[in-house]
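Spelled out from the first residue to the last, the chains are:
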Amino acid sequence: MGIRLGRNEYGKAEVRLVHVDRSASVHRIKDLNVSTRLRGDMEAVHTRGDNTNCLTTDTQKNTVYALAREHGVGAAEEFGLLLARHFTGEHASVHGAAVELQEFAWQRIPTSEGPHGHAFVRSGAETRTVVVTADRGGEWVVSGFEGLTVLKSADSEFRGFPRTRFTTLAETGDRILATDVTARWRYAAGWNAPGSAPEEAPEAVGWDAAYERVKGLVLEAFATTPSLALQQSLYAMGEAVLRERPDIAEIRFSMPNNHHFAVDLAPFGMDNPNVVFHAADRPYGRIEAAVERDDAPDAGPAWDSVPGFV
Ligand SMILES: O=c1[nH]c(=O)c2[nH]c(=O)[nH]c2[nH]1
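Residues numbered from 1 in each chain as written. Predicted model: local features only at pLDDT ≥ 70, side-chain atom pairs only at ≥ 80, totals over all residues. Heavy atoms only, no water.

1. Points about the site of the ligand
Neighbouring the ligand are F158, L169, R175, A229, L230, Q231 and N257. At a separation of 2.8 Å, an oxygen atom of the ligand approaches a polar side-chain atom of R175. When the free accessible area of the ligand is taken as 290 Å², the share hidden by the protein chains comes to 70%. Split by residue class, the shell around the ligand holds four nonpolar, two polar and one charged. (Near = heavy atom within 4 Å. Polar contact = N/O pair within 3.5 Å; in protein donor to acceptor, adjacent residues only side chain to side chain. Areas by Shrake-Rupley, 256 points an atom, 1.4 Å probe, with all protein chains shown as cover. Nonpolar A, V, L, I, M, F, W, Y, C, P; charged D, E, K, R; others polar.)

This is the structure in structure tokens:
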């Protein structure tokens, strides 16, 4: 009987790193949750318990902290690339690395004398996310965010769906459309061809500026697309991003349909022209799709370590 080791990876999950940049009197903080995953020559550790090639998960955790001290922490994409390159470059037994980051945003507390120098309040409606993958074939960056909660109180309809013997949903020309957007986008330029020039890549343009622009495009498309279905809003959001950003090959979304039901106030002799709603928390519809360019370069392993998008 033949039995063999299948796909495998290992790493340290959820290393909580807070880095304070104290180089000026006004501090900057980076608050990250970093997970590492390594692949490589790991047959012996699995089949024989021979740890010769096993760069321990404890060392991986320490590396996150030590490289933060040595290099500082820039954009999450930059720090992810630094770590992935370190693991694949410094350890012969490691052939590939995936680094997953979540970033929690902080903003200096506004005071009557301006933003405080070293007191912060958590900010940002959403959590920024990054997954960097590096192996001998190249580097891939998937940026994104999760938990961007949005709502439209008009310009949303849902009609024309099939009516089966189990259908009770009424057609509507006016409903609340609400969701928590999770979006992940894969950069194309310079990131999946080893040795290709990164001039047009966001590393040159600025990861933070690229992030803010994509978020802005997603929000604007949600707001301005008269919605006939949440699926249509999703596609419009992806299309808006790909039209403007040739450096992005594809964008994937996962969005709950956070249902709001108009409350029946007739028992109290009142009408309810879409004014009073019950915000239901479950069940919820779940709408997921990728929007991609026809000529998108191959995704390679870019999505392999992206949670919820496999
Ligand atoms: O935008 C929507 N898409 C659906 O697929 C769906 N299904 C449903 O019950 N309500 C909605 N709304």
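Back to the write-up after that little detour.
2. Here we look at the environment of E288
Along the chain, E288 turns up in strand 10 (residues 285–292). Counting along the chain gives 123 residues from E288 to R165, while the straight-line C-alpha distance between them is 26 Å. Excluding anything up to four places from it in sequence, E288 contacts L234, F253 and S254. Side-chain polar atoms of E288 contact the side chain of S254, separated by 2.7 Å. (Helix = DSSP H or I, 4+ residues; strand = E, 2+ residues; numbered from the N terminus. Contact = heavy atoms within 4.5 Å.)

3. So, the pairing of strand 7 (residues 248–257)
Counting buried positions over the 10 residues of strand 7 gives 10, a clear majority of the element. Note: strand 6 (residues 177–187) against strand 7, six bridges, orientation antiparallel. Across the sheet, Y187 pairs through a bridge with I248, a residue of strand 7. (Buried < 20%, exposed > 50% of the residue type's maximum accessible area, 1.4 Å probe, protein only. Pairing = 2+ DSSP bridges.)

4. A closer look at the domain arrangement of the protein
What the domain assignment lists for the protein is domain 1 (7–136) and domain 2 (147–300). Here the C-alpha centre of domain 2 lies 29 Å away from the C-alpha centre of domain 1. Counting residues at the interface gives 11 residues for domain 1, matched by nine residues for domain 2. Taking both sides of the interface into account, the surface hidden between domain 1 and domain 2 amounts to around 1,000 Å²; carbon and sulfur atoms contribute 50%. Area buried by domain 1 at its contact with domain 2 is led by E77, E126 and R128, which between them contribute 47% of it. (Domains from an automatic or database assignment. Buried area = accessible area lost by both parts, 1.4 Å probe.)

5. Quick word on helix 6 (residues 230–244)
An α-helix turns once per 3.6 residues; consequently, residues spaced three or four apart project the same way. Along its 15 residues, helix 6 runs 22 Å from first to last C-alpha, staying within 8% of the 21 Å computed at 1.5 Å per residue. Here helix 6 has its buried residues at L230, S233, L234, A236, M237, G238, V241 and L242. At its buried positions, helix 6 is contacted by strand 6, helix 5 (207–224), strand 7 and strand 10. (Expected span 1.5 Å × (residues − 1).)

6. Overview of the pairing of strand 2 (residues 28–40)
Pairing between strand 1 (residues 15–21) and strand 2: seven bridges, direction antiparallel. By the bridge assignment, V20 is partnered in strand 2 with I29. Linkage of strand 1 to strand 2, two consecutive antiparallel strands, is achieved through a turn of six residues. Judged from the 10 bridges that link them, strand 2 and strand 3 (residues 94–111) form a sheet pairing that is antiparallel. Note that in strand 3 the partner of L38 across the bridge is A97.

7. A few points about the packing of helix 2 (residues 57–71) against helix 3 (residues 76–90)
Here helix 2 crosses helix 3 at 120 degrees, and the two axes come no closer than 11 Å. Here helix 2 lies oblique to helix 3, going by the angle between them. Crossing handedness for the pair helix 2 and helix 3: right-handed. For the pair helix 2 and helix 3, the contacting residues are Q60, T63, V64, L67, A68 and H71 in the first and F79, L82, L83, H86 and F87 in the second. Looking at the contact of helix 2 with helix 3 residue by residue, the classes come out as seven nonpolar, four polar and no charged. (Axes fitted to C-alpha atoms, helices over the stretch in contact; angles between N-to-C directions. Parallel < 35°, antiparallel > 145°, perpendicular 65-115°, else oblique. Left-handed = near helix turned anticlockwise from the far one by under 90°.)

8. Concerning the packing of aromatic side chains
As enumerated under the stated definition, the model contains five aromatic pairs in all. Ring geometry for Y187 and W207: centres 5.3 Å apart, planes at 75 degrees, overall edge-to-face. Pair noted here: Y187 is in strand 6 and W207 is in helix 5, with a separation of 20 residues, a long-range link. Among the aromatic residues, those joined into a ring-pair cluster are F145, W185 and Y211. For the cation-ring pair, K152 lies above F222, with the distance from its terminal atom to the ring centre recorded as 6.0 Å. (Phe/Tyr/Trp six-rings, centres within 6.5 Å; stacked < 30°, edge-to-face > 60°. Lys NZ or Arg CZ within 6 Å of the ring centre and 35° of its normal.)

9. What about helix 3?
Between the first and last C-alpha of helix 3 there are 21 Å, a value that for 15 residues agrees with the 21 Å anticipated at 1.5 Å per step. Along helix 3, the positions that sit buried rather than exposed are A76, E77, F79, G80, L81, L83, A84, H86 and F87.

10. Quick word on the pattern of salt bridges
Tallied over the entire structure, the rule returns 20 salt bridges. Of the charged contacts in the structure, one is a salt bridge between R7 and D304, with a shortest N-O distance of 3.9 Å. Here R7, found in the segment before strand 1, pairs with D304, found in the segment after strand 10; they are 297 residues apart in sequence, far enough to count as distant. Overall, R7 belongs to the exposed group, its relative accessible area being 68%. In this structure, R48 and D50 form a salt bridge, with 3.6 Å as the shortest nitrogen-oxygen distance. Beyond isolated ion pairs, a larger network of salt bridges with shared partners links E9, R37, R39 and E100. (Salt bridge = Lys/Arg side-chain N within 4 Å of Asp/Glu carboxyl O.)

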